[in-house]
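# Per-entry structural report
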Amino acid sequence: MSEYKQQQQAGVAGGVAGFSALDWSSGLEDEDQGWQERALCAETDPEAFFPEKGGSTREAKKICTGCEVKVECLEYALGNDERFGIWGGLSERERRRLRRRAV
């Protein structure tokens, strides 16, 4: 198993803008994380999803655009208070904004 796949199973994934009402408050249970195996980010460079401060998020967001599990990814990130990286096509700042709008 690749190092990235192992990181994914430990909770690292990339990978939806425009959501107004998500039920993310409870997070996802471990058994519900099979979506990570289908994520497009599993096939790409993980560094694209965790750019350095001020780095571009364009590459990661482009990958997320075509990902079939971006909703699950975003729900996971919001439910587990992921503070770093691109999840469900959103940056940390975009997720904070989404969270504030939902409250």
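Before going into details, it helps to say that this report is about the structure given with it. Given the structure is predicted, the values throughout are model-derived calculations rather than measurements.

Turning next to the overall build of the protein. Scanning the protein from terminus to terminus reveals five helices and zero strands. Across the protein, helices and strands are ordered from the amino to the carboxyl terminus as α-α-α-α-α. Scored against the burial criterion, the 103 residues of the protein give a buried share of 37%. Accessible area for the protein stands at about 6,500 Å²; split by element, carbon and sulfur atoms hold 45% of it.

Under the counting rule described, the total for this entry stands at four salt bridges. Its salt-bridge partner being K61, residue E94 comes within 2.8 Å of it at the nearest N-O pair. Taken as a pair, E94 in helix 5 (residues 92–102) and K61 in helix 3 (residues 58–65) lie far apart in primary sequence, 33 residues in all. Judged by its relative accessible area of 24%, E94 falls in the partly exposed class. Residue K61 is classed as partly exposed on the basis of its relative accessible area of 24%.

For the rest of this paragraph, the subject is the packing of helix 4 (residues 70–79) against helix 5. Geometry of a packed helix pair, given as the angle between the helix axes and the separation of the axes. Contact pair helix 4 / helix 5: the axes reach a minimum separation of 11 Å and the direction vectors enclose 75 degrees. On the basis of their axis angle, the class for helix 4 and helix 5 is roughly perpendicular. Each of L74, A77 and L78 in helix 4 lies in contact with helix 5, whose residues at this interface are R95, L98 and R99. In the contact of helix 4 with helix 5, the residues fall into four nonpolar, no polar and two charged.

Below, the discussion takes up the nonpolar core. If you look at the biggest cluster of nonpolar residues, it comprises 15 residues, and the most contacted ones within it are W35, A39, F49, V69, I86 and W87. Sorting the residues of this core by element identifies helix 3 and helix 4 as the ones contributing at least two each. Excluding residues within four positions of it along the chain, V69 makes contact with W35, R38 and A39.

Before going further, it helps to examine the state of the cysteines. According to the stated counting rule, one finds zero disulfides in the structure shown. Free of any disulfide, C67 has its nearest neighbouring cysteine sulfur in C41, separated by 6.3 Å. The class for C67 is buried, based on a relative accessible area of 6%. C73 takes part in no disulfide bond, and the closest cysteine sulfur to it belongs to C41, at a distance of 6.1 Å.

With that out of the way, let us pick up a negative patch on the surface. Among the surface-exposed residues, D45, E47, E52 and E59 lie close enough to one another that they form a single negatively charged patch. Mapped onto the secondary structure, E47 falls in the loop between helix 2 (35–38) and helix 3.

Conventions adopted
Residues numbered from 1 in each chain as written. Predicted model: local features only at pLDDT ≥ 70, side-chain atom pairs only at ≥ 80, totals over all residues. Heavy atoms only, no water. Helix = DSSP H or I, 4+ residues; strand = E, 2+ residues; numbered from the N terminus. Buried < 20%, exposed > 50% of the residue type's maximum accessible area, 1.4 Å probe, protein only. Areas by Shrake-Rupley, 256 points an atom, 1.4 Å probe, with all protein chains shown as cover. Salt bridge = Lys/Arg side-chain N within 4 Å of Asp/Glu carboxyl O. Axes fitted to C-alpha atoms, helices over the stretch in contact; angles between N-to-C directions. Parallel < 35°, antiparallel > 145°, perpendicular 65-115°, else oblique. Contact = heavy atoms within 4.5 Å. Nonpolar A, V, L, I, M, F, W, Y, C, P; charged D, E, K, R; others polar. Core = buried A, V, L, I, M, F, W, Y, C linked by side-chain atoms within 4.5 Å. Disulfide = S-S within 2.5 Å. Patch = residues over 30% accessible without salt bridge, like charges linked within 9 Å, V, L, I, M, F, W, Y side chains within 5 Å. Lys, Arg positive; Asp, Glu negative; His and termini not counted. Charge placed at Lys NZ, Arg CZ, Asp CG, Glu CD.

None of this, on its own, says anything about what the molecule does.
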